[in-house]
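# Inside the fold
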Amino acid sequence: FPSHDRAANTGTGDYDVSGLSTQYGVRIRGSTSVIVRAPIIVPRPCTLIDVSIFGHTVANTSLIGTVYKQDYSTAVVARTALATRTIAAGTAQNRFSLSSGANINESITADSLIQYTLEVTLSNTAGGGASADFGFQGALIQYSRTILVNV
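To keep things clear, this report deals only with the structure shown in the data block. Model, not experiment: these values are computed from the prediction. (Residues numbered from 1 in each chain as written. Predicted model: local features only at pLDDT ≥ 70, side-chain atom pairs only at ≥ 80, totals over all residues. Heavy atoms only, no water.)

## Some remarks on the pattern of salt bridges
A complete count under the given rule lists three salt bridges for this structure. Across the pair Glu-119 and Arg-37 runs a salt bridge whose closest N-O atoms are separated by 2.8 Å. Placement of the pair is Glu-119 in strand E10 (residues 114-124) and Arg-37 in strand E4 (residues 33-39), with a sequence separation of 82 residues. Here Lys-69 makes a salt bridge to Glu-106, at a shortest N to O gap of 2.8 Å. With Lys-69 in strand E6 (residues 61-71) and Glu-106 in strand E9 (residues 106-108), this residue pair connects regions lying 37 residues apart in the sequence. A residue is classified by how much of its surface remains accessible, and Lys-69, at 22% relative accessible area, is partly exposed. Salt bridges sharing common partners tie together Arg-37, Arg-79 and Glu-119. (Salt bridge = Lys/Arg side-chain N within 4 Å of Asp/Glu carboxyl O. Helix = DSSP H or I, 4+ residues; strand = E, 2+ residues; numbered from the N terminus. Buried < 20%, exposed > 50% of the residue type's maximum accessible area, 1.4 Å probe, protein only.)

## As for the environment of Gln-137
As for its placement among the helices and strands, Gln-137 is situated in strand E11 (residues 135-144). For the pair Gln-137 and His-56, spaced 81 residues apart in the sequence, the C-alpha separation amounts to 8.9 Å. A distance of 3.0 Å separates a polar atom in the side chain of Gln-137 from a polar atom in the side chain of Gln-93. (Polar contact = N/O pair within 3.5 Å; in protein donor to acceptor, adjacent residues only side chain to side chain.)

## Looking at the pairing of strand E7 (residues 78-87)
As paired elements, E6 and E7 share nine bridges and run antiparallel to each other. Bridge pairing in E7 places Asp-71 opposite Ala-78. Between E6 and E7, which pair antiparallel and follow one another directly, the connecting turn spans six residues. (Pairing = 2+ DSSP bridges.)

Written out as structure tokens, the structure is:
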């Protein structure tokens, strides 16, 4: 994930990106939240089927994954959530479909002025505890497209 938000009063020691307990994912050790963002880059034209995140939570922690659509075709950019899912405290390691299995099925044309973004919020309310067994490891983007032909 290329970007993230961090509260102004937290130091880099609040974040851990290589702990064995998170299987080389991202977690927060301090009592705070962090948002990581990444563009969803898929070949166009295609249909965005679904987005899943990988992770696990323990007491006092949660993960929230959201797929956003930003439409740049008008003077005021419109931002719409296409799918969101909260992984509550005490959820075992797994892959979690952000559409909860219903699929997003967003058609993306070759010339559209639309951008898609994945945001994952990691929250830890453990009062500064490490919450070692919680974290976010990555995302799976599922899409389909027609067969390419030579014309």
